[in-house]
Every structure is written in structure tokens, then in C-alpha cells.
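A look at the structure
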Amino acid sequence: MIGFIIALISGALMSVQGVFNTQVTKASSIWAASAFVQLTALVVCLGAWGCADRSSLLKVFEVQPKYMLLGGAIGAFITYTVIKSMDMLGPAKAVMLIVVAQLAVAYLIELLGWFGVEKQPWEWRKALGMAVAIAGIVIFKWK
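Quick summary incoming for the structure in this document. Everything numeric here is computed off the predicted structure, so don't read it as measured data. (Residues numbered from 1 in each chain as written. Predicted model: local features only at pLDDT ≥ 70, side-chain atom pairs only at ≥ 80, totals over all residues. Heavy atoms only, no water.)

**Considerations on unusual backbone geometry**
Note that the residue after Gln64, namely Pro65, is joined by a cis bond; omega there is -10°. The backbone of Arg54 shows a phi angle near 65°, a positive value even though the residue is not glycine. For Arg54, the position within the fold is in the loop between α2 (30-53) and α3 (71-89). Residue classification places Arg54 among the exposed positions, given a relative accessible area of 62%. With phi around 60°, Phe115 is a residue other than glycine that occupies positive phi space. Among the secondary structure elements, Phe115 is positioned in the loop between α4 (91-112) and α5 (124-141). For Phe115, a relative accessible area of 47% gives the class partly exposed. (Helix = DSSP H or I, 4+ residues; strand = E, 2+ residues; numbered from the N terminus. Buried < 20%, exposed > 50% of the residue type's maximum accessible area, 1.4 Å probe, protein only.)

Laid out in C-alpha cells, this is it:
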């Protein structure tokens, strides 16, 4: 149950962050806003690490395969694409498309067992759930 609540909080925070970042972009530029977002995230993470964890920061470099270290770089492009999509589509449409894309790619990763994730079997109910989510976007956009 705790994981469910944390996931809901994560989704809510992502939506609020996207709106905030889009507004910051209007006062500067998309890359300046993205850099600021990543910098403030670094400061918060280092502060949390200092208060709660204190394990070796260099241990992250022990991860295998090394391409797993690209998460931060991917995060920069996530920030960029969220800002652009919210600016162009509005928060609700952008978030719906983002969530469905997340769901589709996550299910594909599970099906194919990519990136060290345990391979999962195909399930019709999950595919049906994806179809319902896509239908929800169509209904939401319907004029």
C-alpha cells in the first residue's frame, strides 16, 4: 500500500513540477530552466544524502553495465520534453500522453526483459488496460 501512495505522490509532483518548469522557461529559456531544475535537484539530493544516508557517493560508479549511469542525462531530456509538451498541449493533455507513453515503454521493458528487468509473460489484461488508457486520451481530446 505504501508503494501505491508513493506512486500517486510521484505522479502529482511530476504534474506540478511540469507546470512550474514551464513557467520558469517563460522567464528564461528552456535549457536555462532545465539546468536550474537539475541543479536544484542536485542540491536537494546532496542535502538528503548528507542527512539520511552518507554512504559512499563513489559507489554509484560500481554499477554494471555502465550505461545505467545515463539516468541523469536522460533526466535532462525528460525535463525538456515535459516543459515543451506542457507548453504546447497544456498540462492535462501532456500528462496523459506522458503517462501512457511511460506505461507502454515500461510494459515493453518488462515483456522483453530489457536493462536487467525480469522478463514477464504477455498478458491480455495488461494490453487491454493499455487500450483503455489510449481510449481515455481519445475521449479526453474529443471535441
